[in-house]
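Commentary on secondary and tertiary structure
Read off the chains here:
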Amino acid sequence: MGQKVSPIGFRTGITIGWKSRWFAPKSNFGEFLVEDARIRKFVDSRLNRQPPYAAISGVEIERTREEVKVFLRTARPGLVIGPKGAEVDKLKNALEDLTNRRVNINIIEIKNPDMDAQLVADGIAEQLKRRGSFRRAIKQRCEATMQVGAKGIKVMLSGRLGGAEMSRSVKQIMGSIPLHTLEADVDYGYTTSFTTYGAIGVKVWIYRGKFGEQPEEEDSARSAAMTRARRRRERTGGPPSGGGRGGGRGGGGRGGRGGRDAQPTQPTQRPGGSRLGAVKAQQAKAAAEKKAEAEKKAEVVEEAKAAPAVEQATVEQATVEQTPAVEEQAPAVEQTPVEAAPEAPQADASDEQTKTPEPPKGEQA
């Protein structure tokens, strides 16, 4: 039979640090070890198994001679801290009563919960408690993790799945899970879902790449901000193109796989991803390029339409400026005959002067 090894324990001390970091003499070692287990159990039962459901992924403990430092890795730091730090103070007092030592609590935020195996396992277990379909729960979680940027994921459920009389195991794998490679950053999480028809075990393995390889910040931020609807649109690559009844696959002829004239494309498969995901990513990229090209053509057409309008406007402006000059010249032409008209009376006056004046009547008499 196969011997299974926990990926966390297999890498601890080599590529992964220890969860408890302290030194103690032989007389106190067992006491401190049991105390660490009680602290982890108390934090899990108080914050994970009852409200506020703070999504605590892990608890790391450091000890000094005076105090115990507890590091909580959580996806919901606001719920752990509480208003004005009230919840942290309550938790600190409870841990001090439990250990009879001074406790200092530090909170570490998990920025990407879909890449944490323990949180993914807790999410699947919660869906099983609500009597959801286990196949749908596994598929949704696997796709969400791969969309965020994981190289691979494996989920295994065991128990009375769906309320069946016989217990069985179901496993789903996406991408690659190099369990024997110590350089591979493989996260592991395990939890139990207590349902009405029995307990169901949930195990999750997530391959996040090799140690030292961090995903690009822009891609991780974009994926984290992506909504479920946007993920669905990007996976499908927009509306299907093609004709007939099967145009969504090929886009040629009557449908089917693309007709005779369709040329199949060879998608580039990204490392650790599925071929289907590469096809959908290529479709989305082609659609974006086509849209950008259409927008560029529309801009060129608008500029071409705008150029004649500008020329016509300049011509109209020139004609409007010339019309007043013509109107100003028109009165000058009309004034020339008016000025020549008084010359006739002057000529008559000169003729009258040449005539001899008649003597007055008195002189004649």
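Please read all numbers here as calculations on a predicted model, not as lab measurements. (Residues numbered from 1 in each chain as written. Predicted model: local features only at pLDDT ≥ 70, side-chain atom pairs only at ≥ 80, totals over all residues. Heavy atoms only, no water.)

1. Overview of the sheet that holds strand β5 (residues 152-159)
- Overall, antiparallel pairing links the four strands, which are arranged β6-β5-β8-β7 in an open sheet. Looking at which strands have only one partner, the edges of the open sheet turn out to be β6 (168-175) and β7 (184-195). For this sheet the average axis-to-axis angle between neighbouring strands, irrespective of direction, equals 10 degrees.
- Lying over the sheet, helix α5 (residues 117-129) contacts β5, β7 and β8 (198-210), oriented at roughly 25 degrees with respect to β7.
- Helix α6 (residues 134-148) contacts β5, β6 and β8 of the sheet and is inclined by roughly 20 degrees relative to β6. (Pairing = 2+ DSSP bridges. Helix = DSSP H or I, 4+ residues; strand = E, 2+ residues; numbered from the N terminus. Axes fitted to C-alpha atoms, helices over the stretch in contact; angles between N-to-C directions. Contact = heavy atoms within 4.5 Å.)

2. Thoughts on the pattern of salt bridges
- All chains considered together, the criterion is met by eleven salt bridges.
- Note that Glu 31 is salt-bridged to Arg 101, the shortest N-O span being 3.6 Å. Taken together, the positions of Glu 31 in helix α2 (residues 26-47) and Arg 101 in the loop between α4 (86-99) and β4 (102-109) put the pair 70 residues apart, joining distant regions of the chain.
- Here Arg 63 ties to Glu 35 by a salt bridge, and the two come within 2.8 Å at their closest N and O atoms. Of the two residues, Arg 63 is situated in strand β2 (residues 56-63) and Glu 35 in helix α2; the sequence distance between them amounts to 28 residues. Glu 35 shares its class with Arg 63; the two are buried. (Salt bridge = Lys/Arg side-chain N within 4 Å of Asp/Glu carboxyl O. Buried < 20%, exposed > 50% of the residue type's maximum accessible area, 1.4 Å probe, protein only.)

3. A word on α5
- Look at α5: 19 Å from first C-alpha to last across 13 residues, which is about the 18 Å you get at 1.5 Å a residue.
- For α5, the tally of buried residues reaches ten of 13 residues, placing the bulk of the element in the interior.
- Among the residues of α5, Ala 117, Gln 118, Leu 119, Val 120, Ala 121, Asp 122, Gly 123, Ile 124, Ala 125 and Leu 128 are the ones counted as buried.
- A distance of 3.1 Å separates the backbone nitrogen of Gln 118 from a side-chain oxygen at the start of α5, and that oxygen is part of Asp 116. (Expected span 1.5 Å × (residues − 1). Polar contact = N/O pair within 3.5 Å; in protein donor to acceptor, adjacent residues only side chain to side chain.)

4. A few points about the packing of aromatic side chains
- In this structure the tally under the stated criterion is three aromatic pairs.
- When the centroid spacing of 5.5 Å and the interplanar angle of 50 degrees are considered together, the rings of Trp 22 and Phe 29 count as tilted.
- Of the residues examined, Phe 29 reaches a relative accessible area of 43% and is grouped as partly exposed.
- Aromatic ring contacts, followed pair by pair, group Trp 22, Phe 29 and Phe 32 into a single cluster.
- One Lys or Arg, Arg 63, reaches over the ring of Trp 22 and ends 5.6 Å from the middle of that ring.
- A cation over a ring is seen here: Arg 63 above Phe 32, with NZ or CZ 4.6 Å from the ring centre. (Phe/Tyr/Trp six-rings, centres within 6.5 Å; stacked < 30°, edge-to-face > 60°. Lys NZ or Arg CZ within 6 Å of the ring centre and 35° of its normal.)

5. Focus on the nonpolar core
- Counting 21 residues, the largest nonpolar core has Ile 124, Val 155, Leu 157, Val 202 and Val 204 as its most contacted members.
- At the level of secondary structure, the elements contributing two or more residues to this core comprise α5, α6, β5 and β8.
- At six residues, the largest contribution of residues to this core is made by α5.
- Residues within four places of Val 202 in sequence aside, it is in contact with Ala 121, Ile 124, Ala 125, Leu 128, Met 156, Leu 157, Gly 189, Tyr 190 and Thr 191.
- Ile 39, Ala 54, Val 80 and Leu 91 belong to the second-largest nonpolar core, a separate cluster that totals 15 residues. (Core = buried A, V, L, I, M, F, W, Y, C linked by side-chain atoms within 4.5 Å.)

6. Overview of unusual backbone geometry
- Here the residue pair Pro 51 and Pro 52 is connected by a cis peptide bond, since its omega of 20 degrees sits within 30 degrees of zero.
- Phi angles above zero are rare outside glycine, and Tyr 53 is one such case at about 55 degrees.
- By secondary structure assignment, the location of Tyr 53 is in the loop between α2 and β2.
- Tyr 53 gets classed as partly exposed once you look at its relative accessible area, which sits at 40%.

7. Some remarks on the packing of α2 against α4
- Their axes nearest at 11 Å, the elements α2 and α4 cross at an angle of 145 degrees. Considering the relative orientation of α2 and α4, their crossing is right-handed. For the pair α2 and α4, the contacting residues are Glu 35, Arg 38, Ile 39, Phe 42, Val 43, Arg 46 and Leu 47 in the first and Lys 90, Leu 91, Ala 94, Leu 95, Leu 98 and Thr 99 in the second.
- Counted by class, the contact of α2 with α4 contains eight nonpolar, one polar and four charged residues. (Left-handed = near helix turned anticlockwise from the far one by under 90°. Nonpolar A, V, L, I, M, F, W, Y, C, P; charged D, E, K, R; others polar.)

8. Quick word on the pairing of β2
- With respect to burial, β2 is a largely interior element, six of its eight residues being buried.
- Relative to β2, strand β1 (residues 20-21) is paired through two bridges, and the arrangement is parallel. Counterpart to Ser 20 in the pairing with β2 is Ile 61.
- Remark: the β1/α2/β2 crossover connection has left-handed handedness.
- Here seven bridges tie β2 to strand β3 (residues 67-74), and the two strands are oriented antiparallel to one another. Directly across from Arg 63, in β3, lies its bridge partner Val 68.
- Between β2 and β3, which pair antiparallel one after the other, the connecting turn spans three residues. (Right-handed = clockwise from strand over helix to strand, strands pointing away.)

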